[in-house]
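# A look at the structure
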Amino acid sequence: MDSQRVSLYPFLGGPGRSAPVIERTEGVHWQMAGGHRVLDAGGGAIIANVGHGREEIAEVAAAAMARTTYVVPPFATEDRVALVERLRRDWLPEGLTRCMFTSGGSEAVDSALRLVRQHFVSAGQPERVKVIGRHRAYHGATLATLGVGGHEKRRKGLAPLFVDHPKIPAWYPLRRPASFDDEVGPQHSAEGLVEALEREGPETVAAFIAEPVAGSTLGAVVPPDDYWPRLRQICDDYGILLIADEVMCGFGRTGRRFALDHWDVVPDVLVGGKGLAGGYAPIGAVFASERVVAPITEAGDEVMFFTYSAHPMACAVAEKVLEILDREKLIERAASLGEQLGKRLAQLETHPHVAHARGLGLMRAVELVEDREALKPFPKEAGFISKVVAAGLGRGVFFYPGGCDPARDVACFGPPFIITEDHIEEMVATLELSIDDAAERVAG
Ligand SMILES: Cc1ncc(COP(=O)(O)O)c(C=O)c1O
């Protein structure tokens, strides 16, 4: 490849736009065509937990492929068994013993929705058809996951294709309640679920789904300590299942194995992806308790797999990634470096375009606005976060762009857990400069 930019339209960008070429990824860096080196502060799409380019993982992948290229998902292979054993032994919250694998997060959430629906159909409660979600949440790009999600930009124009499920507001204290005419009051807290259940008729609801720490849609928003225990209690009181979407925040990202571990809450269904294989292989997962699965197996029903579900190579890679996380004590590292990153980002809160810095562990975000006092976002046409990301790339740091109105422009941090204190300094200093660059460009 000799060009530094390639047009991949229509799959990326638009007419006349082109994509920068990345030649290699290594450690915490990307090597771009032309020799430019970029620090991966976003960890790609907040996924590269163990860093890039580990030879031992490539070797595991090659060996797994040579051993069992493809085997239909219902059969056991050495790599599948090893992954499930490691997950059950070292990772999964108590009681979550059932595992199902997919090729990524969207497929995993989609499968979780099928699982909870099948649970109630098999249990003789077919009237439970709704899954309550949260506004400004992202659960994937399949039609079913768009229906329980609330990322309006990603749902735009697609509504006729999916079933839209009821939503409650996501926890988002920054602008609460003044700027949300339609969303004031207790429904902002976990009590919003009670209101929604009473409104919808609890007997029609199968489950509630949410991200324990909101992902890139709102930007690493962490709820108060009583939020998740209360949601758990409400689900139990009303007899509905609790689905935790930990595709982004799971597998160590927040400084604990799973984000819900911070609050000692065990969901009925836990969904993972991204960090499970750290970007080395496409794999997502659904974990559930025996109680969730029992009615389905008792009725002789099955939850359909995808052709690539539990691909042996992907399972072998995930097993290795989980082993590395423990061997190198990377979750502890994510916790301590995350705290440092948080402290350093908080210093940016005096910047005129920084509304809020927030997050947990190495899942962090900075919300950007035109006017800090009024919390007024930049105009949509300004494409402010895209300009910040472009400026960051030029200066040698990649920030993962996020945001959804009114948190329109959010710079997300999800670096590999192997970063150093120097990298933290480089990321934060570069973000500040990139915000200034972008603001200058918007001002014209
Ligand atoms: C919380 C959450 N759920 C689901 C998904 C979808 O996962 P994937 O993009 O792997 O399909 C994402 C992706 O960003 C996510 O952050």
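Taken across its six residues, strand β9 (residues 205-210) has six buried, putting it largely inside the fold. The sheet contact formed by strand β7 (residues 130-134) and β9 spans three bridges and is parallel. Bridge pairing links Ile-132 to Phe-208 in β9. Bridging between β9 and strand β10 (residues 241-245) involves four bridges; their strand directions are parallel. If you follow Phe-208 over to β10, its bridge partner there is Leu-242. In the classification by handedness, the crossover that spans β9, the intervening helix α8 (residues 227-238) and the parallel β10 is right-handed.

Our next topic: the site of the ligand. Around the ligand sit Gly-104, Gly-105, Ser-106, Tyr-138, His-139, Gly-140, Glu-211, Asp-245, Val-247, Met-248 and Lys-274, and that is every residue in its neighbourhood. Backbone polar atom of Gly-105 to an oxygen atom of the ligand: 2.9 Å apart, as the coordinates give it. Contact between the ligand and Lys-274: an oxygen atom at 3.1 Å from a side-chain N or O atom of the residue. Taking 390 Å² as the accessible area of the ligand by itself, protein coverage stands at 81%. Partitioning the shell around the ligand into residue classes produces three nonpolar, five polar and three charged.

Before going further, it helps to spend a moment on helix α12 (residues 384-395). For α12, with twelve residues, the first-to-last C-alpha span of 17 Å sits near the 16 Å given by 1.5 Å per residue. Positive phi appears at Gly-396, one or two residues downstream of α12, with a value of about 100 degrees.

Right, let's get into helix α9 (residues 290-298). For α9, the complete set of buried residues consists of Val-292, Val-293, Pro-295 and Ile-296. The buried side chains of α9 occupy one side of the element, clustering within an arc of 155 degrees when seen end-on. Of the surrounding secondary structure, the elements contacted by the buried residues of α9 are β6 (96-102), α4 (105-122), β10, β11 (269-272) and β12 (284-289).

Relative to the elements of secondary structure, Phe-101 occurs in strand β6. When the C-alpha positions of Phe-101 and Arg-17 are compared, they lie 36 Å apart, and in sequence the two are 84 residues distant. With near-sequence residues (within four places) excluded, Phe-101 lies in contact with Leu-83, Val-84, Leu-87, Ile-283, Gly-284, Ala-285, Phe-287, Ser-309 and Ala-310.

So, about the pattern of salt bridges. Should their charged atoms come close, side chains of opposite charge can pair. Under the counting rule described, the total for this entry stands at 30 salt bridges. Across the pair Asp-405 and Lys-380 runs a salt bridge, and its minimum N-O distance is 3.3 Å. With Asp-405 in the loop between β16 (400-404) and β17 (407-413) and Lys-380 in the loop between β14 (363-368) and α12, this residue pair connects regions lying 25 residues apart in the sequence. In this structure, Asp-437 engages Arg-395 in a salt bridge whose closest nitrogen and oxygen atoms are separated by 2.7 Å. Taken together, the residues Asp-437 in helix α13 (residues 421-443) and Arg-395 in helix α12 connect sequence positions 42 residues apart. By relative accessible area, Arg-395 is classed as partly exposed at 40%. Among the charged side chains, a network of salt bridges with common partners joins Glu-56, Lys-320, Glu-323 and Arg-327.

What counts as what
- Residues numbered from 1 in each chain as written.
- Predicted model: local features only at pLDDT ≥ 70, side-chain atom pairs only at ≥ 80, totals over all residues.
- Heavy atoms only, no water.
- Buried < 20%, exposed > 50% of the residue type's maximum accessible area, 1.4 Å probe, protein only.
- Helix = DSSP H or I, 4+ residues; strand = E, 2+ residues; numbered from the N terminus.
- Pairing = 2+ DSSP bridges.
- Right-handed = clockwise from strand over helix to strand, strands pointing away.
- Near = heavy atom within 4 Å.
- Polar contact = N/O pair within 3.5 Å; in protein donor to acceptor, adjacent residues only side chain to side chain.
- Areas by Shrake-Rupley, 256 points an atom, 1.4 Å probe, with all protein chains shown as cover.
- Nonpolar A, V, L, I, M, F, W, Y, C, P; charged D, E, K, R; others polar.
- Expected span 1.5 Å × (residues − 1).
- Arc of directions from axis to C-beta.
- Contact = heavy atoms within 4.5 Å.
- Salt bridge = Lys/Arg side-chain N within 4 Å of Asp/Glu carboxyl O.

Purely spatial values, then, with no claim about function.
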